[in-house]
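Report on the structure
Each chain is listed here by its residues.
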Amino acid sequence: MKKIATLGPKGTFSDTASQKYIAAQNLSHEIEYFDSIKLALNAVGHSCEIGILPVENFSEGFISLVLDHLLDADLFIMAEIRLPIRFSLVSNSRLKQDIKHLFVQFVAKGQCSEFIGSLHNVEVESTESNIESLVHVQQGQGNYAAIVPSNAVQFGDFPLVLEDINDYKNNETRFLVFSKDHTLAAKQANTDYKTSVIVMDENDHPGFLGEVLLSFSSRKINLTSIMSRPTRQTFGKYHFFIDFDGHIEDKVIALALAEIKVNCKVKVLGSYPKLNAQS
Ligand SMILES: O=C(O)C(=O)Cc1ccccc1
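Everything quoted here is computed from the prediction, not taken from an experiment.

The next subject is the overall build of the chain. On a plain count of helices and strands, the chain comes out with eight helices and 15 strands. For 279 residues, the compact-globule estimate of 2.2 N^0.38 gives 19 Å, and the chain sits close to it at 21 Å. Structurally, the chain occupies a C-alpha span of about 65 × 45 × 30 Å along its principal axes. Buried positions account for 34% of the 279 residues belonging to the chain. Within the chain, contacts between residues separated by at least 24 positions form 75% of all contacts whose residues are at least 6 apart in sequence.

The following block contains the structure:
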């Protein structure tokens, strides 16, 4: 049976995103859970055909670990998934002020930073997944607490449950569906597409970014995000992750990319249906 690699264990937001994708696409894939985002990414094209991992939170921005993996790995983006994200705090203590040790997944930390800032004299420990945080409290001492997906806890599970502790009420995370297979799905009519590329300035030259942006703006191509990541070779050199509206097979997009390729290396990560929050 074909497999999807995601961040485990069962019950993580990545699991929820994977289940959502399986249902929407009517897939019969089995989910294989990994202990970290990195391990799940590494499994794509090996034990699993597909990987589904978080890439961007609407308040915190991109998860660098995932972007950096895309630089080196030969992965293709097949789809995006958007998921509403709500966090609760659970604790074995009855009172918030009795909490001494907090477990929080490293992506969740930034999304609940105001709440975490309201805790005093608490040791904060990063975890790999929100369910790992939950398990620490289920198995741990009285003064332990964890930030967990709200749908992972039920009334009465813990002496203390504080709901909706995320900094922004309409919190959302975007997940990407990755594969090693670069075959583009046939472009559907009446579907809005988005394309992701990495632009690398091979021969560092003045005006590089301005030229790239002009190739898009002069053709009225709408950029939806631009993000720089250090090349990790030397200070001051960056790769640019650029998302824009349109499909790689659209004439204007092909022309823009051909122009950019004259001076820069371009890695196309994929063209996939663009989602809105309700999708
Ligand atoms: O740990 C999880 O549940 C994940 O899937 C990672 C994550 C963390 C915070 C927001 C979205 C996804």
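Attention now goes to the sheet that holds strand 13 (residues 223-230). Taking strand neighbours across the sheet as the criterion, the four strands line up as 13-14-12-15 in an open arrangement whose pairing is antiparallel. Whereas interior strands pair on both sides, the edge strands pair on one side only; in this sheet they are strand 13 and strand 15 (265-273). Averaged over all adjacent pairs, the angle separating strand axes in this sheet is 15°, with direction ignored.

Here we take up the UniProt feature "domain: ACT" (unreviewed entry) in the chain. Following the UniProt record, one finds the feature "domain: ACT" (unreviewed entry) at residues 197-273. Taken as a whole, residues 197-273 contains 27% helix and 38% strand, while its terminal C-alpha atoms sit 15 Å from one another.

Turning our attention to the site of the ligand. Close to the ligand lie 13 residues; Thr12, Phe13, Ser14, Ser129 and Asn130 are nearest. Those elements that place two or more of their residues in the shell around the ligand are helix 1 (13-25) and helix 4 (106-111). When the residues that make up the shell around the ligand are grouped by side-chain class, the tally is seven nonpolar, six polar and no charged. Two domains share the shell around the ligand, each providing at least three of its residues, namely domain 1 (3-84 + 172-179) and domain 2 (87-162).

Reading across the sheet, the five strands line up as 8-7-9-6-10 and stay open at both edges, with mixed pairing between neighbours. What marks the edges here is a single partner per strand, and that holds for strand 8 (123-127) and strand 10 (160-162). Strand-to-strand, the axes of this sheet are offset by a mean angle of 25°, without reference to chain direction. Taken together, the five bridges between strand 7 (residues 101-105) and strand 8 define a ladder with parallel strand orientation. Directly across from Leu102, in strand 8, lies its bridge partner Val124. Each of strand 6 (87-91), strand 7, strand 8 and strand 9 (144-149) is contacted by helix 6 (residues 130-138), which is oriented at about 150° to strand 9, the strand it contacts most.

This part covers the packing of helix 7 (residues 208-217) against helix 8 (residues 251-261). Relative orientation of the contacting elements helix 7 and helix 8 amounts to 160°, with a least axis distance of 9 Å. One way to sum up the angle between helix 7 and helix 8 is to call them roughly antiparallel. Our pair here, helix 7 against helix 8, has a crossing hand that is right-handed. Residue-level inspection shows Val212, Ser215 and Phe216 of helix 7 in contact with helix 8, the latter providing Ala256, Glu259 and Ile260. In the contact of helix 7 with helix 8, the residues fall into four nonpolar, one polar and one charged.

Each assigned domain of the chain is listed here: domain 1 (3-84 + 172-179), domain 2 (87-162) and domain 3 (193-273). Placing the centre of domain 2 and that of domain 3 at their C-alpha centroids yields a distance of 40 Å.

The next subject is the nonpolar core. Across soluble globular proteins, nonpolar side chains show a tendency to be buried alongside one another. Leu53, Val177 and Phe178 are the most contacted members of the largest nonpolar core, which has 63 residues in total. Element by element, the count of residues in this core is highest for strand 9, at five residues. With near-sequence residues (within four places) excluded, Leu53 lies in contact with Thr6, Leu7, Ser14, Ile37, Ala40, Leu41, Val66, Phe175 and Leu176.

Conventions used here
Residues numbered from 1 in each chain as written. Predicted model: local features only at pLDDT ≥ 70, side-chain atom pairs only at ≥ 80, totals over all residues. Helix = DSSP H or I, 4+ residues; strand = E, 2+ residues; numbered from the N terminus. Rg over C-alpha atoms; globule rule 2.2 N^0.38 Å. Buried ≥ 20, exposed ≤ 12 C-beta atoms within 10 Å, placed from the backbone. Contact = placed C-beta atoms within 7 Å. Pairing = 2+ DSSP bridges. Axes fitted to C-alpha atoms, helices over the stretch in contact; angles between N-to-C directions. UniProt positions renumbered as here; feature names shortened; annotations may be inferred. Near = placed C-beta within 6 Å. Nonpolar A, V, L, I, M, F, W, Y, C, P; charged D, E, K, R; others polar. Domains from an automatic or database assignment. Parallel < 35°, antiparallel > 145°, perpendicular 65-115°, else oblique. Left-handed = near helix turned anticlockwise from the far one by under 90°. Core = buried A, V, L, I, M, F, W, Y, C linked by C-beta atoms within 7 Å.

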